[in-house]
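Single-letter residue listing:
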Amino acid sequence: MQQPIALVVDDERDIRELIAITLSRMGIKVETAENLAVAQRQLALRHYDLCFTDMRLPDGSGHSLIELIAARYPDTPVAMITAHGNVDAAVNALKAGAFDFVSKPVDLHVLRRMVQSALQLGEQKRASAQLSNNQLLGESAVMESLRGTIAKVARSQAPVFIGGESGVGKELVARLIHEQGPRAKGPFVPVNCGAIPDELMESEFFGHKKGSFTGAVADKEGLFQAAAGGTLFLDEVAELPLHMQVKLLRVIQEKSVRPVGSNAEQSVDVRILSATHKALVPLVEEGRFRHDLYYRINVIEIPVPPLRERRGDIPGLAHRILARLSEGLGSTAPELTEDALQELSRYGFPGNVRELENILERALALSDGSRISAADLRLSQTSGTTAAPPAAPAPALDAAAPPPLPGNAALNDYMEQLEREAIIKTLEECRYNKTKAAAKLGITFRAMRYKLKKLGIE
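Residues numbered from 1 in each chain as written. Predicted model: local features only at pLDDT ≥ 70, side-chain atom pairs only at ≥ 80, totals over all residues. Heavy atoms only, no water.

Secondary structure summary: the protein contains 19 helices and 16 strands in total. The buried share among the 458 residues of the protein stands at 45%. Counting only contacts in the protein whose residues sit at least 6 apart along the sequence, the fraction spanning at least 24 positions is 70%. Accessible area for the protein stands at about 24,000 Å²; split by element, carbon and sulfur atoms hold 51% of it. (Helix = DSSP H or I, 4+ residues; strand = E, 2+ residues; numbered from the N terminus. Buried < 20%, exposed > 50% of the residue type's maximum accessible area, 1.4 Å probe, protein only. Contact = heavy atoms within 4.5 Å. Areas by Shrake-Rupley, 256 points an atom, 1.4 Å probe, with all protein chains shown as cover.)

Laid out in structure tokens, this is it:
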């Protein structure tokens, strides 16, 4: 294996020598630069596996060097060396493309761990395309930009907040960030914060000791321990009650957890990614989400666009989804007729990509032959909105009035479809735990089993 090489950029000779000695003992060849101009020349001459740069340089800033490396040498991980306690500079460095930062005076243990993570980045980036089946489909400009942002933030260790409506693919974005970063070989642990009962939250997140409460018959590790060395994805983080927000903030700050019933802290090495379909700023203003936690998890924000803002991607997405669904059934994918594509392109998709998949799965089951027409989509029975040509103004409707129902002949189908969608949505929110989903819907488990069979959901 070729010896890795690092570039250390700092105007302080002692810092350059300290880092160079540490890296040399790890089997890494080191070159140094005392200012921005020298660093730029060296970067142009050869490839580096890692770069450290001071925040302030005699002829410029380390921030501009980070931006240069992110733009021209994206395969070179770069870390910022900051003054102790300069959090703003560290955050700005992460946003510019740095994968991490180290404070002066340099802690050698922290430095070594950082170097080991950085050297894995190139290998993980090369292997991620082969190892992962996850794909972010779409050729629109917003999706190209999103893929570029994911590749950039995957290199850092900063907390990332992923925003967007239900069904846009926030968990997929989180998985891609994990898979393209240095933690790809570690676990990816997703958790729906709204699906855990309040009384079990602390135990689920931090673990518990045997005998700490009734039913604790053995030691149990929590989600943080399970994600050690990898990524913990907090989906629907807005659903966390305030008492858990306080505990989560402390874990992020201290990088340690205390299992229920234990007197000892356990250090945890976890990257936090979070998401919710709700707007967090209004919740912060209303006092329902802690502002200090908001700033901790929202170091980098990635908005995921809704499907209606990238309608040009709909035909390609539809064909890929149909091909995958048909492959699972062992059949050939049917063709979407022109009127079906037009109908899909006009539809509002309040449920986004998840709803598109549900619509196509239903159409696949109901269509005859090798073609799916607009009639097979049954979009008139779905709760989304379809764009239509401008019409004459209509009388104002009561905001509380229900949407118009279809004709009596289709009423039963309409009600069954609403029921089916409500059950599927609840199952997804409860991570397909039928007992929890039944309780959330207010029906018995037996009734849930009957409805699943009746509606063909299983």
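Glancing now at the sheet that holds strand 6 (residues 78-82). Here 5 strands make up an open sheet; going across it, the order is 2-1-3-6-7 and the pairing parallel. Two strands close off the open sheet at either side, each with one partner strand: strand 2 (29-33) and strand 7 (100-103). Adjacent strand axes in the sheet meet at a mean angle of 20°, parallel and antiparallel pairs treated alike. Summarising the sheet, strand 1 (residues 5-9) and strand 2 pair through 5 bridges and their orientation is parallel. Counted as the bridge partner of valine 9 is alanine 33 from strand 2. (Pairing = 2+ DSSP bridges. Axes fitted to C-alpha atoms, helices over the stretch in contact; angles between N-to-C directions.)

What follows covers the environment of glycine 164. Take glycine 164: it is sitting in the loop between strand 8 (160-163) and helix 7 (170-179). The contact partners of glycine 164, leaving out residues within four places of it in the chain, are Lys170, Thr276, His277 and Val304.

Below, the discussion takes up the pattern of salt bridges. Taken as a whole and judged by the stated rule, the model has 24 salt bridges. One salt bridge connects lysine 104 with aspartate 54, and the closest N-O pair in it is separated by 3.4 Å. Taken together, the residues span a long stretch of sequence, with lysine 104 in the loop between strand 7 and helix 5 (108-131) and aspartate 54 in strand 3 (residues 50-54) at a distance of 50 residues. Across the pair, exposure class does not vary: lysine 104 and aspartate 54 are buried alike. (Salt bridge = Lys/Arg side-chain N within 4 Å of Asp/Glu carboxyl O.)

Moving on to the sheet that holds strand 8. By definition, the strands of a sheet pair up through backbone hydrogen bonds, in either a parallel or an antiparallel sense. With parallel pairing, the 5 strands of this open sheet are ordered in space as 9-10-13-8-14. The outermost strands of the open sheet, each flanked by one partner alone, are strand 9 (188-192) and strand 14 (300-303). Along the sheet, successive strands turn relative to each other by an average axial angle of 20°, direction set aside. Two strands pair when backbone bridges link them, and strand 10 (residues 231-235) and strand 13 (residues 271-276) are joined in this way by 4 bridges, in the parallel orientation. Looking at strand 13, one finds that leucine 234 is bridged to serine 274. Relative to strand 14, helix 6 (residues 141-154) is tilted by about 155°, and along the sheet it contacts strand 8, strand 13 and strand 14.

The N-to-C vectors of helix 6 and helix 7 enclose an angle of 45°; their axes lie 8 Å apart at closest approach. Classed by the angle they form, the pair helix 6 and helix 7 counts as oblique. Crossing of helix 6 over helix 7 shows right-handed handedness. Where helix 6 abuts helix 7, its residues Leu146, Ile150, Val153 and Ala154 lie against Val173, Leu176 and Ile177. Taken together, the residues of the contact of helix 6 with helix 7 break down into 7 nonpolar, no polar and no charged. (Parallel < 35°, antiparallel > 145°, perpendicular 65-115°, else oblique. Left-handed = near helix turned anticlockwise from the far one by under 90°. Nonpolar A, V, L, I, M, F, W, Y, C, P; charged D, E, K, R; others polar.)

Time to look at the side chain of arginine 16. For arginine 16, the location among the structural elements is in helix 1 (residues 13-25). No salt bridge is formed by the buried arginine 16; the nearest opposite charge belongs to glutamate 34, separated by 5.3 Å. Engagement of the side chain of arginine 16 in a polar contact is seen with the backbone oxygen of aspartate 10, the distance being 2.6 Å. Apart from the residues lying within four places of it in its own chain, the contact partners of arginine 16 are Val8, Asp10, Asp11, Thr32, Ala33 and Glu34. (Lys, Arg positive; Asp, Glu negative; His and termini not counted. Polar contact = N/O pair within 3.5 Å; in protein donor to acceptor, adjacent residues only side chain to side chain.)

Another point: helix 3 (residues 62-72). Taken as a whole, helix 3 has its buried residues at Gly62, Leu65, Ile66, Leu68 and Ile69. For helix 3, the arc enclosing every buried residue in end-on projection is 160°, short of the 170-degree limit, so these residues lie on one face. (Arc of directions from axis to C-beta.)

The next point concerns unusual backbone geometry. Of note, the bond from lysine 104 into proline 105 is cis; its omega dihedral lies within 30 degrees of zero at -5°. Here phenylalanine 349, not a glycine, exhibits a phi torsion of approximately 50°, which is positive. Mapped onto the elements of the fold, phenylalanine 349 is located in the loop between helix 14 (338-346) and helix 15 (352-366). With a relative accessible area of 0%, phenylalanine 349 lands in the buried category. The backbone of arginine 378 sits at a positive phi, close to 55°, despite the residue not being glycine.

A few words on the nonpolar core. Formed by 31 residues in total, the largest nonpolar core has its most connected members in Phe205, Phe224, Leu232, Leu234, Leu240, Leu280 and Phe289. When contributions to this core are tallied by element, the ones reaching two or more residues are strand 9, helix 8 (201-206), helix 9 (223-226), strand 10, helix 10 (242-254), helix 11 (280-285) and helix 12 (291-297). Counting residues per element, this core draws most heavily on helix 10, which supplies 5 residues. (Core = buried A, V, L, I, M, F, W, Y, C linked by side-chain atoms within 4.5 Å.)

Our next topic: the packing of aromatic side chains. Inspection of the entire model under this criterion finds 6 aromatic pairs. Relative to phenylalanine 206, the ring of phenylalanine 205 lies with its centre 6.2 Å away and its plane at 50°, an arrangement referred to as tilted. According to the relative accessible area criterion, phenylalanine 205 is buried, its value standing at 2%. For phenylalanine 206, a relative accessible area of 4% gives the class buried. Through a chain of ring-to-ring contacts, the aromatic side chains of Phe205, Phe206 and Phe224 assemble into a single cluster. (Phe/Tyr/Trp six-rings, centres within 6.5 Å; stacked < 30°, edge-to-face > 60°.)

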